[in-house]
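Structure assessment
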Amino acid sequence: MHTTLKTWLLVALALTPLGCATRQQLLEMETEFKARMTRMEAGLATEKKRVDELNTQLAAVRATATEATRIGTEATRIGQDARQRADAAAAKGEAVDGRVTKALVNRFNRAQVQEFRVTFETGRAELSRPAEEVLQAAVKLLAENPTYSADVVGYTDDVGGAGSNVTLSWRREEVVRRFMVERGAALNRFSFIGLGEDRAKETTAEGRARDRHVHVRVFRPAE
């Protein structure tokens, strides 16, 4: 563009029979045009730089928006997965609660299968050999029937204080229960208590021997 302008100015100078003042004016005009062109080019360069910066910023914004969209999509997916897992866990929990509730209800809805009874010496809580044989039969019955449960209840005669007899009855039921658990019966299949002399009615030596006992009642779930 500079070359074209200069060419036209030279042509004008050559063809026009003007004096020195006119040529000087043309030179000044050329200088002014050059200065304007320089300013325009500088302005264009500045605008181009600003446009480039804006394009860079726009690209960054687009990249950020794309990343934000990706993060949002991922967060939505994670949230949906978490919701599904929570729903599954809740459903599983409800199923477990239902089974536990049913088991607790059935715990008291059962039918007696057999009773095992062992006796003790006065004031003692040790198992005799015959007592161990009786309890081994009870263990065998439970092992062969996984749905069966058992109640273990300890008693004493009316000899001695009521408080000490309650303690003794608990010791007797415990020794029976421990014998059975040590031979394979699961502890959670037992209900147990010591009732002391609560059921003691006998006054003879033979009758009191019967009162000093623990009974193991085995139950099956009711149909």
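Everything in this summary refers to the structure shown in the same document. (Residues numbered from 1 in each chain as written. Predicted model: local features only at pLDDT ≥ 70, side-chain atom pairs only at ≥ 80, totals over all residues. Heavy atoms only, no water.)

Comments concerning the pairing of strand β4 (residues 213-221)
- Judged from the nine bridges that link them, strand β1 (residues 110-119) and β4 form a sheet pairing that is antiparallel. Considered in β4, the bridge of F116 is made with V216. (Pairing = 2+ DSSP bridges. Helix = DSSP H or I, 4+ residues; strand = E, 2+ residues; numbered from the N terminus.)

Let's talk about the pattern of salt bridges
- Enumeration according to the criterion identifies 17 salt bridges in this entry.
- Of the charged contacts, one joins R50 and E47 as a salt bridge, the two residues approaching to 2.9 Å between their closest N and O atoms. With R50 and E47 both in helix α2 (residues 20-107) and three residues apart, this pair spans about one turn of that helix.
- The network of salt bridges with common partners includes E202, E206 and R210. (Salt bridge = Lys/Arg side-chain N within 4 Å of Asp/Glu carboxyl O.)

Focus on the packing of aromatic side chains
- By the definition in use, this model includes zero aromatic pairs.
- Geometry around F219 places R110 over its ring, the cationic atom sitting 3.9 Å from the centre.
- Stacked on the ring of F192, the Lys or Arg R177 has its end atom at 3.6 Å from the ring centre. (Phe/Tyr/Trp six-rings, centres within 6.5 Å; stacked < 30°, edge-to-face > 60°. Lys NZ or Arg CZ within 6 Å of the ring centre and 35° of its normal.)

Structural notes on the nonpolar core
- L135, L142, V176, M180, V216 and V218 are the most contacted members of the largest nonpolar core, which has 21 residues in total.
- Contributions of two or more residues to this core are made by β1, α3 (129-144), β2 (149-154), α4 (162-182) and β4.
- Take this core: its biggest share by element is six residues, from α3.
- In contact with M180, not counting residues within four places along its chain, are L135, A138, V139, L142, A185, F190 and V216. (Core = buried A, V, L, I, M, F, W, Y, C linked by side-chain atoms within 4.5 Å. Buried < 20%, exposed > 50% of the residue type's maximum accessible area, 1.4 Å probe, protein only. Contact = heavy atoms within 4.5 Å.)

Here we look at the sheet that holds strand β3 (residues 190-194)
- Read from one edge to the other, the open sheet built from four strands follows the order β1-β4-β2-β3, with strand pairing classed as mixed. Either end of the sheet is taken by a strand with one partner, and the two such strands are β1 and β3. Shown here is a sheet whose adjacent strand axes are inclined to one another by a mean of 15°, direction ignored.
- Sheet contacts for α3: β1, β2, β3 and β4; angle to β1, the most-contacted strand, approximately 160°.
- On the sheet, α4 packs against β1, β2, β3 and β4 and is oriented at approximately 155° with respect to β3. (Axes fitted to C-alpha atoms, helices over the stretch in contact; angles between N-to-C directions.)

Some thoughts on a nonpolar patch on the surface
- Together, V166, W170, V181, L187, F192 and I193 give the surface a local cluster of nonpolar side chains, amounting to about 460 Å² of exposed area.
- Within the fold, V166 resides in helix α4. (Patch = residues over 30% accessible without salt bridge, like charges linked within 9 Å, V, L, I, M, F, W, Y side chains within 5 Å. Areas by Shrake-Rupley, 256 points an atom, 1.4 Å probe, with all protein chains shown as cover.)

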